[in-house]
Amino acid sequence: MSERPRLTVLSGPSGVGKSTVVAHMRKEHPEVWLSVSATTRRPRPGERHGVHYFFVTDDEMDKLIANGELLEWAEFAGNRYGTPRAAVLEHLESGVPVLLEIDLQGARQVRESMSEAQLVFLAPPSWEELVRRLTGRGTESPEVIERRLEAAKIELAAEPEFDITLVNTSVEDVARELLALMNVV
Ligand SMILES: Nc1nc2c(ncn2[C@@H]2O[C@H](COP(=O)(O)OP(=O)(O)O)[C@@H](O)[C@H]2O)c(=O)[nH]1
Ligand SMILES: Nc1ncnc2c1ncn2[C@@H]1O[C@H](COP(=O)(O)OP(=O)(O)O)[C@@H](O)[C@H]1O
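About the criteria used
- Residues numbered from 1 in each chain as written.
- Chains lettered and ligands numbered in written order.
- Predicted model: local features only at pLDDT ≥ 70, side-chain atom pairs only at ≥ 80, totals over all residues.
- Heavy atoms only, no water.
- Phe/Tyr/Trp six-rings, centres within 6.5 Å; stacked < 30°, edge-to-face > 60°.
- Buried < 20%, exposed > 50% of the residue type's maximum accessible area, 1.4 Å probe, protein only.
- pLDDT = per-residue confidence, 0-100.
- Helix = DSSP H or I, 4+ residues; strand = E, 2+ residues; numbered from the N terminus.

The full count for this structure, using the stated rule, is four aromatic pairs. Residues Phe-76 and Tyr-81 carry aromatic rings whose centres are separated by 6.3 Å and whose planes lie at 80 degrees to one another, so their mutual orientation is edge-to-face. Considered together, Phe-76 and Tyr-81 belong to a single accessibility category, that of buried residues. Here a set of aromatic residues connected by ring pairs shows up, and it is made of Tyr-53, Phe-55, Phe-76 and Tyr-81.

Right, dumping it as structure tokens:
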């Protein structure tokens, strides 16, 4: 029997590179299980239901919350996001390393409910670079970018709450560091 692995939470401002790092890491190490969140946000081009997110209606999200099916949930920049609880617990029980890519409010809830979780903060090399990445991704309107940058200021200020900070200068380096923290390599 393998020991129950520690749950790892990766947070950081929108556009810092969380999805890029996680995708890179899982290409080499598909044994890391990434929780698929439920969200009321509309899919971006190329995003698939059940792969990137479970895209749900407001009513469906209300039910998930009311039925206690989410480990944590939060409203972020006008949409709700939440982590389905059962799948996370099942994977941990069977010894699979589990990663959650969630916002600051979610990370705080996980810290409360699962004290063994390790909280990792992904930081940008600079504020200017964060703006460049978020704008350069080209997936959000100027209004949504503005809203996410407002949230980013709050998230950056909360960095000391996390167990460790990784600065996303090189995707390869951060992916390697994250794998080491998860005891995968
Ligand atoms: N609390 C919480 N946050 C989530 C969850 N899923 C995604 N998020 C966060 O919601 C924020 C917005 O996600 P998204 O709209 O996909 O934008 P992106 O992270 O900039 O690509 C990010 O900070 C995500 O980490 C979740 O299940 N719970
Ligand atoms: N280390 C990096 N150097 C330069 N660009 C990066 C780096 N990591 C990510 N990016 C780019 O920044 C943008 C935002 O990355 P993304 O993974 O979507 O961020 P998040 O998931 O944190 O919102 C993308 O266009 C991505 O290609």
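Summary statistics for the protein chain give a mean pLDDT of 95 and a share of 98% for residues scoring 70 or more. As a predicted assembly, this complex carries a pTM of 0.96 together with an ipTM value of 0.97.

Here we take up unusual backbone geometry. The phi torsion at Ala-77 lies on the positive side, around 45 degrees, for a residue other than glycine. For Ala-77, the location among the structural elements is in the loop between strand 5 (70-76) and strand 6 (79-84). Of note in this structure, Asn-183 is not a glycine but carries a positive phi near 60 degrees. In this structure, Asn-183 sits in the segment after helix 7 (171-181). For Asn-183, a relative accessible area of 71% translates into the label exposed.

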